[in-house]
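For reference, the chains in residue letters:
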Amino acid sequence: MATAKIVRGVSPPSRVLLLLRSRTLTSAVRPYSAATSPPSKAVVYDQHGSPDVVTRVTELPPVEIKENDVCVRMLAAPINPSDINRIEGVYPVRPPVPAVGGYEGVGEVHAIGSAVKGLSPGDWVIPSPPSSGTWQTYIVKEQTVWQKIDKRTPMEYAATVTVNPLTALRMLEDFVALKSGDTIVQNGATSIVGQCVIQLARLRGIHSINIIRDRAGSDEAKANLKQLGADEVYTESQLEVKNVRGLLDNIPEPALGFNCVGGKSASLILKFLKQGGTMVTYGGMSKKPITVSTSSFIFKELTLKGFWLQRWMSSDKAEERQSMIDYLLGLCHNGKLNYELEVAPFDDFHTALEKAMGKRGSQPKQVLKF
């Protein structure tokens, strides 16, 4: 891990900085007091573009803490593919620029407004639903943004519980009424969502068939997924056979499939699905379209659906969402839900960003530690 400090200079207070902090300040930088947050170091982008080009680390001025506000000192936040897409300007929902990067994370309550109840300094909280601007050391937002969590949860899992593990849980529960002994099939199995699907399915007695890319280290990846509880793991080239169902031995044909890749890999999921099965698409990493044969619709009566966590999170499900997050964090705390992460110091942000963008080969998900 590099030790060089990535901060590229402190920008002078400006209208841009004031817009980013989203509160009206009487001056560009106030002296710190009980009614304001400390200054915040943040990852800022003033325009959309390649994240390694348009982002910079700078200092933002203090923010007024109003009566219903909570000031949170961020502890950790991941770099998700959707974060990169927001900065690129291609994600369907994104904050107006200039903006601070990041969408989920975990922090510690630093100070509270006079009307805040149920939270105290020292509590751990996450933005629920996720909220833009988590790549900074201090955040001030209304209490309604924050969900209190168990401080015993490992920090890196608390920072990443919402976007990926919750996607896995919702997809397992929302589309097909699975029961113990049933089977699911998925591509992108080495992703965080994929790893969570394997473990959550196993806890329910559900078999998993997993498809991964042909690449160096695929044997190690297979072994790792088997250790998590995968029943079968295949590379795409292994499935270049006429009848993939002949590979299943005693595992039932899957009723449900999860696709985050598209292209050829999505077609392999369709080949596995049983009569009347459903494929749910939640990503498109290959950037290639899904091609479905006529026979898949006519003779197999397959159903294709999509899942977008943000739409589900925006619905009126606050209590259900909080309950599910607590459930997932409990599994993490008890060692029943694990996934591969790499924790990087915030000062090494640009190195972590390059890894997250795939510029340094295949890397675990990057989690910034503040």
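Refer to the structure printed above.
Criteria and cut-off values
The numbers attached to residues start from 1 for each chain and follow its sequence in the written order. Local features in this predicted model are restricted to residues whose pLDDT is 70 or higher, and side-chain atom pairs enter the listing and the counts only when it is 80 or higher, whereas totals over whole chains, interfaces and linings include all residues. Derived side-chain values reflect all non-hydrogen atoms in the structure, with water molecules and hydrogen atoms excluded from consideration. Only DSSP runs of H or I reaching four residues or more are called helices, and only runs of E reaching two or more are called strands; each is numbered from the N terminus. The rule is simple: take the accessible area with a 1.4 Å probe, protein chains only, and divide by the maximum for that residue type; under 20% is buried, over 50% is exposed, in between is partly exposed. Contacts are residue-level and defined by heavy atoms, with any inter-residue pair within 4.5 Å sufficient. For Phe, Tyr and Trp, where Trp contributes only its six-membered ring, two rings pair if their centres lie within 6.5 Å, and the inter-plane angle classes them as stacked under 30 degrees, edge-to-face over 60, or tilted in between. When the NZ atom of lysine or the CZ atom of arginine is within 6 Å of a ring's centre and also within 35 degrees of its normal, the charge is said to sit over that ring. Any two strands with at least two DSSP-identified bridges between them are counted as paired. Where helices are involved, their axes are fitted lines through C-alpha atoms of the stretch in contact, as for all axes, and angles between N-to-C directions lie from 0 to 180°. Residues qualify for a patch when their relative accessible area is over 30% and they have no salt bridge, like charges being joined within 9 Å and the nonpolar side chains of Val, Leu, Ile, Met, Phe, Trp and Tyr within 5 Å. Exposure was quantified through the Shrake-Rupley algorithm and a 1.4 Å probe, taking into account, for residues, occlusion by the shown protein chains and nothing else. Salt bridge criterion: a side-chain nitrogen from Lys or Arg within 4 Å of a carboxyl oxygen from Asp or Glu. Helix span, expected: 1.5 Å multiplied by one less than the number of residues in the helix.

Where do I start with the environment of L166 in this structure?
Mapping L166 onto the fold places it in helix 5 (residues 163-174). Overall, L166 belongs to the buried group, its relative accessible area being 0%. For the pair formed by L166 and I325, sequence separation is 159 residues and the distance between their alpha carbons is 7.2 Å. Residues in contact with L166, not counting those within four places in the same chain, are V161, L309, W312, M313, R321, M324, I325 and L328.

Help me understand the side chain of S128 in this model?
Following the sequence through the fold, S128 ends up in the loop between strand 6 (124-127) and strand 7 (138-142). Judged by relative accessible area, S128 falls into the buried class, the value being 3%. Each residue touching S128, except ones within four places of it in the same chain, is listed here: T144, V145, Q147, R321 and I325.

Explanation requested: the packing of aromatic side chains in the structure shown.
What describes a pair of aromatic rings is the distance from one ring centre to the other and the angle between the planes of the rings. Tallying each qualifying case throughout the model produces six aromatic pairs. For the ring pair Y234 and F272, a centre distance of 6.3 Å and an interplane angle of 25° mean the geometry is stacked. Of the two residues, Y234 is situated in strand 11 (residues 232-235) and F272 in helix 8 (residues 263-272); the sequence distance between them amounts to 38 residues. Residue F272 is classed as buried on the basis of its relative accessible area, which comes to 0%. Here R86 stacks its cationic end above the ring of Y103, 3.9 Å away from the centre of that ring.

How should the sheet that holds strand 11 be read in this particular structure?
Sheet strands pair by backbone hydrogen bonding; their relative direction is either parallel or antiparallel. What the six strands build is an open sheet, ordered 11-10-9-12-13-14; its pairing is parallel. Each having just a single partner strand, strand 11 and strand 14 (303-306) make up the two edges of the open sheet. Put simply, the sheet's adjacent strands are angled 20° from each other on average, direction ignored. Where strand 12 (residues 256-259) lies against strand 13 (residues 278-281), four bridges are found, and the strand directions are parallel. Paired with G257 across the two strands is M279, which belongs to strand 13.

Mind showing me how you'd approach a nonpolar patch on the surface here?
A contiguous nonpolar surface patch, about 480 Å² in accessible area, is contributed by I290, F297, I298, F299 and L304. A relative accessible area of 33% places I290 in the partly exposed class.

So what exactly am I meant to see when it comes to the sheet that holds strand 4 (residues 99-100) here?
On the basis of which strands lie adjacent, the open sheet formed by three strands has the order 2-1-4 and antiparallel pairing. Each end of this open sheet is capped by a strand with a single partner; those strands are strand 2 (55-60) and strand 4. As defined by bridge partners, strand 1 (residues 40-45) adjoins strand 4 across two bridges and the pair is classed as antiparallel. Bridging across to strand 4, Y45 finds its partner in A99. The sheet contacts of helix 12 (residues 349-356) involve strand 1 and strand 2, and relative to strand 2 the element is tilted by about 145°.

Please explain the environment of P127 as it appears in this structure.
As for its placement among the helices and strands, P127 is situated in strand 6. Along the primary structure P127 and T278 are separated by 151 residues, whereas in three dimensions their C-alpha atoms are 32 Å apart. Beyond its immediate sequence surroundings of up to four residues, P127 is in contact with Y103, E104, G105, T134, V145 and W146.

For this particular structure, what's the right way to read helix 6 (residues 192-203)?
An α-helical turn contains 3.6 residues, so any two residues separated by three or four positions project in the same direction. For helix 6, spanning twelve residues, the distance from its first C-alpha to its last is 17 Å, which sits close to the expected 16 Å at 1.5 Å a residue. Here helix 6 lies mainly inside the structure; ten of its twelve residues are buried. For helix 6, the set of buried residues is I192, V193, G194, Q195, C196, V197, I198, Q199, L200 and A201. At the C-terminal side of helix 6, G205 shows a positive phi close to 75°.

Just geometry here; none of it tells us what the structure is for.
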